[in-house]
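Per-entry structural report
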Amino acid sequence: MDKPQDNIIEIRNVTKRFGSTTVLSDLSLDVRRGERLVMLGGSGAGKSTLLNLMAAETRPTEGELVINGKNICGMSERELDRYRKTMGVLFQSGALFNSLTLAENVALPLQEHTELNTSTIETIVTMKLNLVGLLEHGGKYPSEISGGMKKRAGLARALALDPQVIFYDEPSAGLDPVSVTEIDRLMVDLNETTGVTTVVITHEMTSAFRIAHRLVLLDQGRFVADGTPQEMKDSDNPLVHQFVHGLLDGPMTDRRDRGAYTRALLGADD
Amino acid sequence: MQSIRQPISRLGESAIATVSFIGALGVLIGLTFAASPRLVVTRRGGRLAWKNLWFQLYRVGVRSIGVVMLVTFAIGVILSLQIVPILDQYGAGDQIATIIGIAFFRELGPLVGAIVLTGFAGASIAAEIGTMAVNEELKALRSHAISPVRFLVVPRVLASMVMTTCLAVLSSAMGIAGGMLATRMIIGMPYDAYLDLTFNSVEALDIVTGLIKAAVFGVLIGALACHLGLAVRGGASGVGNATTRTVVISIVALTVVDLGFTAVFYMLGL
């Protein structure tokens, strides 16, 4: 077992409910410092909720979420803000502020949280934009650039405060295959050059295998598999096998069909 | 029994929803004023806050000036055209200066300015913040430990407060100008005589109460638009819904608060 200091995030028996719906059920997971962890799962499996928990966007109903040795569940908003400054999130759409240029977007966290003067901020912004290959586009507005560039700009902003961990929410969603490869390469390069812990949510298998040191599969709010890319490919767990190979036949589709049939029988389906 | 219970239960539900809405709005206004001092006392965050505030002052107020001037000038002319012939029958046609002066400084200036601002700025603020919510920009702000209240709500509410106050003065002046012009055309009252009568009858208290009202209206418009914008869920239809609700609720709220102010000032003999 890893020593606690080797784990940047420790999820301990976390349950998350929204009303009477349980989205995550008694989850436990360690994210090791510096690793590239890919979280897989079908739609509605609870991946985004788990990401929201780790990004301190929401709190668990039960269980503990330990970041850098500190349980963040009982923290005040002010304490949580200190944690938030140590992590970056790349949202599915890039989530750039449309009223600001790319350079202003990247500068925003620095202007808000540091006492740095304008020229130092400009230098850091230039470095971050260069890191994601957008140096010459700093003066453009988000509406003037492509989807792939938006994600790269979002990544530059997430990197602004030199985070210890970056969460990527479906980074390949809506991108062409070349842009997907570019983003994947960027994630791996950043991880290798800066050592930043990388947590990726995706259901793009090619991408997942290209990025991951380790993969976990989430299904119905529980982890059902955890292993290296090779272990996942070779897994004889029918659920993992179906998901990894994108098969039509398997426990996921069986369950969906049965559920629909039961609802139709009970008249609950509109 | 069921037929009696249902409307009572619905009435109860809407009463609870209204009270919760007013409570949440009150909390937002409280948080806004608690976060406002950072605008002037800190360098961090303050830099952007000032920039945001100037931009919002321009967007909220400056762009509304033309419409407010036109509307209040027209109301001044209409009031004069309707009332002067009646007053003139009693030989008191010149008293229109007193009526329009007091009516505009105490009531119409602040109220009409605020209503125009609701259509102009309130709707646009709600749509802007609502779109940000849909585009994950609010989540992105929180993930960077930047409070949406401080970053988005404070500059908009303060700008709205300042600009409704300025617009109240401008609309009162335009209303008086409209009345003056129409009165000159109807009964040939000289401009200087009209102005003398206006400023002899309007007291400092009339102007102060009007300005207090205008400032409160401004806070109300800004906070309502931000509150409804921040609460947007469900994509484009959610944004449209928030925009419509902002205009409708703001106009109702402005009228009710104006009634409350007038009643209180009347009882206090102000």
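The residue numbers shown here count from 1 along each chain, following its written sequence. By the order in which they are written, chains take letters starting at A while ligands take numbers starting at 1. In view of the model being predicted, local features appear only for residues whose pLDDT reaches at least 70, and side-chain atom pairs are presented and counted only at 80 or more, with totals across whole chains, interfaces and linings using the full set of residues.

**Quick word on the overall build of chain A**
A run of DSSP states H or I qualifies as a helix once it reaches four residues; a run of E qualifies as a strand once it reaches two. Both are numbered from the N-terminal end. Along chain A, the regular secondary structure elements total 10 helices and 10 strands. C-alpha atoms define the radius of gyration in this analysis, and the globule rule sets the expected value at 2.2 Å times the number of residues to the power 0.38. Its C-alpha atoms give chain A a radius of gyration of 20 Å, near enough to 18 Å, the size a compact globule of 270 residues would have. When the backbone C-alpha atoms are referred to their principal axes, chain A occupies close to 65 × 40 × 40 Å. Using C-beta atoms placed from the backbone, we call a residue buried if 20 or more other C-beta atoms fall within 10 Å of its own, exposed if 12 or fewer do, and partly exposed for counts in between. Expressed as a percentage of its 270 residues, the buried residues of chain A come to 40%. Taking as baseline every contact in chain A between residues at least 6 positions apart, the subset at least 24 positions apart corresponds to 65%. Contact between two residues is assigned when their C-beta atoms, built from the backbone, lie within 7 Å.

**Describing the interface of chain B and chain A**
Listed by partner, the interface residues are 15 residues for chain B and 18 residues for chain A. When contributions to the side of chain B that touches chain A are tallied by element, the ones reaching two or more residues are helix H3 (46-60) and helix H6 (137-143) of chain B. Top element by residues in the side of chain B that touches chain A is H6(B). It accounts for 5 residues. Grouping the amino acids of the side of chain B that touches chain A by side-chain chemistry returns 4 nonpolar, 4 polar and 7 charged. Under this grouping Gly is polar, as are all residues other than the nonpolar Ala, Val, Leu, Ile, Met, Phe, Trp, Tyr, Cys and Pro and the charged Asp, Glu, Lys and Arg.

**A look at the pairing of strand E6 (residues 87-90) of chain A**
Residue and element names in this part refer to chain A. Residues of E6 alternate between two faces, with Met 87 and Val 89 on one and Gly 88 and Leu 90 on the opposite face, all of them buried. In this analysis, strands are considered paired if DSSP registers two or more bridges between them. Direction of pairing for E6 relative to strand E7 (residues 165-169): parallel, over a ladder of 4 bridges. Bridged to Gly 88 within E7 is Ile 166.

**Observations concerning the nonpolar core**
A general feature of soluble globular proteins is that nonpolar side chains tend to end up buried together. Ranked by size, the top nonpolar core spans 136 residues in total, and within it Val38(A), Met39(A), Leu40(A), Phe167(A), Leu117(B) and Cys226(B) carry the most contacts. Looking at this core element by element, the count peaks at 21 residues for helix H5 (residues 96-134) of chain B. Ignoring anything within four residues of it in the chain, the contact list for Cys226(B) reads Leu28(B), Ile125(B), Ile129(B), Leu152(B), Val153(B), Arg156(B) and Val157(B). One nonpolar core equals one set of buried Ala, Val, Leu, Ile, Met, Phe, Trp, Tyr and Cys residues connected by C-beta atoms within 7 Å.

**Structural notes on the sheet that holds E7(A)**
Residues and elements named next belong to chain A. The strand order across the open sheet built from 6 strands is E6-E7-E8-E3-E9-E10, with neighbouring strands paired in mixed fashion. The open sheet terminates on both sides in strands that have one partner only, identified here as E6 and strand E10 (222-227). Across the sheet, the mean angle separating the axes of adjacent strands is 20° when strand polarity is ignored. Bridge count for E7 against strand E8 (residues 197-201) is 5 bridges, and the pairing is parallel. Among the inter-strand pairings, Phe 167 is bridged to a residue of E8, identified as Val 199. Fitted lines through C-alpha atoms give the axes, limited to the stretch in contact for helices. The angle between two N-to-C directions lies from 0 to 180 degrees.

**What about the sheet that holds strand E1 (residues 7-18) of chain A?**
Residues and elements named next belong to chain A. In spatial order, the strands read E2-E1-E4-E5; together these 4 strands make up an open sheet with antiparallel pairing. Looking at which strands have only one partner, the edges of the open sheet turn out to be strand E2 (21-32) and strand E5 (70-71). By the bridge criterion, 5 bridges tie E1 to strand E4 (residues 62-67) in an arrangement that is antiparallel. Bridging from a neighbouring strand, Arg 12 pairs with Glu 64 of E4. Its contacts with the sheet put helix H1 (residues 47-54) on E1, E2 and E4, and the angle it makes with E1 is roughly 125°.

**Describing the packing of helix H3 (residues 102-113) of chain A against helix H5 (residues 147-158) of chain A**
Residues and elements named next belong to chain A. Following both chains from N to C, one finds H3 and H5 inclined at 25°, their axes separated by 8 Å at the closest point. The angle between H3 and H5 places the two elements in the roughly parallel class. Both H3 and H5 take part in a crossing whose hand is right-handed. Contacts from Leu 102, Asn 105, Val 106 and Pro 109 of H3 reach H5 at Ala 153, Ala 156 and Arg 157. Class assignment of the residues belonging to the contact of H3 with H5 gives a composition of 5 nonpolar, 1 polar and 1 charged. When describing relative orientation, an angle under 35 degrees is termed roughly parallel and one over 145 degrees roughly antiparallel, while 65 to 115 degrees is termed roughly perpendicular and anything else oblique. By convention the crossing between two helices is left-handed if the near helix lies anticlockwise of the far one by an angle smaller than a right angle, and right-handed if it lies clockwise.

**Considering unusual backbone geometry**
Residue Gln220(A) is not a glycine yet carries a positive backbone phi of 50°. With respect to the helices, strands and loops of the structure, Gln220(A) is situated in the loop between strand E9 (214-219) and E10. At Glu136(B), a position not held by glycine, the phi torsion is positive, near 65°. Since 19 C-beta atoms lie within 10 Å of it, Glu136(B) is described here as partly exposed.

**A look at the pairing of E2(A)**
Regular strands place their side chains on alternate faces of the sheet. All names here are of chain A. In terms of strand pairing, E1 meets E2 through 8 bridges, oriented antiparallel. When the sheet's bridge partners are listed, Asn 7 is paired in E2 with Arg 32. Where E1 hands over to E2, the hairpin turn is made up of 2 residues, of which Gly 19 adopts a positive phi near 65°.

**Considerations on the confidence of the model for chain A**
Per-residue confidence from the predictor is given as pLDDT, running between 0 and 100. Across chain A, pLDDT averages 85, with 93% of residues at or above 70. Taking the mean pLDDT of every element in chain A, the minimum, 68, falls on helix H10 (residues 251-266) of chain A and the maximum, 93, on E8(A).

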